[in-house]
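# Coordinate inspection notes
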Amino acid sequence: MSNYCKDPENMDGFLKGFFAENMPYGSWFNHVKGWMGLLGKENFMFHTYEDLQKVALKF
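Read on for an overview of the structure. (Residues numbered from 1 in each chain as written. Predicted model: local features only at pLDDT ≥ 70, side-chain atom pairs only at ≥ 80, totals over all residues. Heavy atoms only, no water.)

## Digging into the overall build of the protein chain
Applied cut-off: Strands are runs of DSSP state E lasting at least 2 residues, helices are runs of H or I lasting at least 4, and numbering of each runs from the N terminus. With C-alpha atoms as the basis for the radius of gyration, the globule rule is written as 2.2 Å multiplied by the number of residues raised to the power 0.38. Whether a residue is buried, partly exposed or exposed follows from its accessible area with a 1.4 Å probe, protein chains only, as a fraction of its type maximum: under 20%, in between, or over 50%, in that order. A 1.4 Å probe and the Shrake-Rupley method give the accessible areas. Residues count as covered only by the protein chains that appear here. Here Asp and Glu are counted as negative and Lys and Arg as positive; His is not counted, and neither are the chain ends. Charge positions come from single atoms, namely NZ of Lys, CZ of Arg, CG of Asp or CD of Glu.
On a plain count of helices and strands, the protein chain comes out with 3 helices and 0 strands. In the protein chain, the order of α-helices and β-strands from amino to carboxyl end is α-α-α. Taking 10 Å as the expected radius of gyration for a compact globule of 59 residues, we find that the protein chain reaches 16 Å, considerably beyond that expectation. The principal-axis extent of the C-alpha atoms belonging to the protein chain is close to 40 × 30 × 20 Å. The buried share among the 59 residues of the protein chain stands at 7%. On the protein chain, roughly 5,600 Å² of surface is accessible, and the fraction owed to carbon and sulfur atoms is 58%. In the protein chain, which carries 6 positive and 7 negative side-chain charges, the distance between the mean positions of the two groups comes to 6 Å.

## Looking at a nonpolar patch on the surface
Operational definition: The patches reported here contain residues having more than 30% relative accessible area and no salt bridge. Joining distances are 9 Å for like charges and 5 Å for nonpolar side chains (Val, Leu, Ile, Met, Phe, Trp, Tyr). Salt bridge, as used here: a side-chain nitrogen of Lys or Arg that lies within 4 Å of a carboxyl oxygen of Asp or Glu.
A surface patch of nonpolar side chains, amounting to about 320 Å² of accessible area, comprises Met11, Leu15 and Phe19. In this structure methionine 11 comes out as exposed when scored by relative accessible area, which is 55%.

## Side note on the pattern of salt bridges
Side chains that differ in sign of charge can pair as their charged atoms come close. Scanning all chains against the criterion turns up 1 salt bridge. Between aspartate 12 and lysine 16 there is a salt bridge whose closest N-O contact spans 3.4 Å. Within this pair, aspartate 12 and its partner lysine 16 are both found in helix 1 (residues 11-19), separated by 4 residues, close to a single helical turn. The exposure class assigned to lysine 16 is exposed, which follows from its relative accessible area of 56%.

So, in structure tokens, the structure goes:
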């Protein structure tokens, strides 16, 4: 675990904090919404895990 996060007692407790947007650096959801506004811009590259797996399977 990161040194800026307290060690969760269990996964359930961690997920409750995560979905309540109670994380040390703020909401992950707000972070993602911020850069998702860049979709379609020429200088923004967006790949999903599934996209990367398709490429990896070719090698």
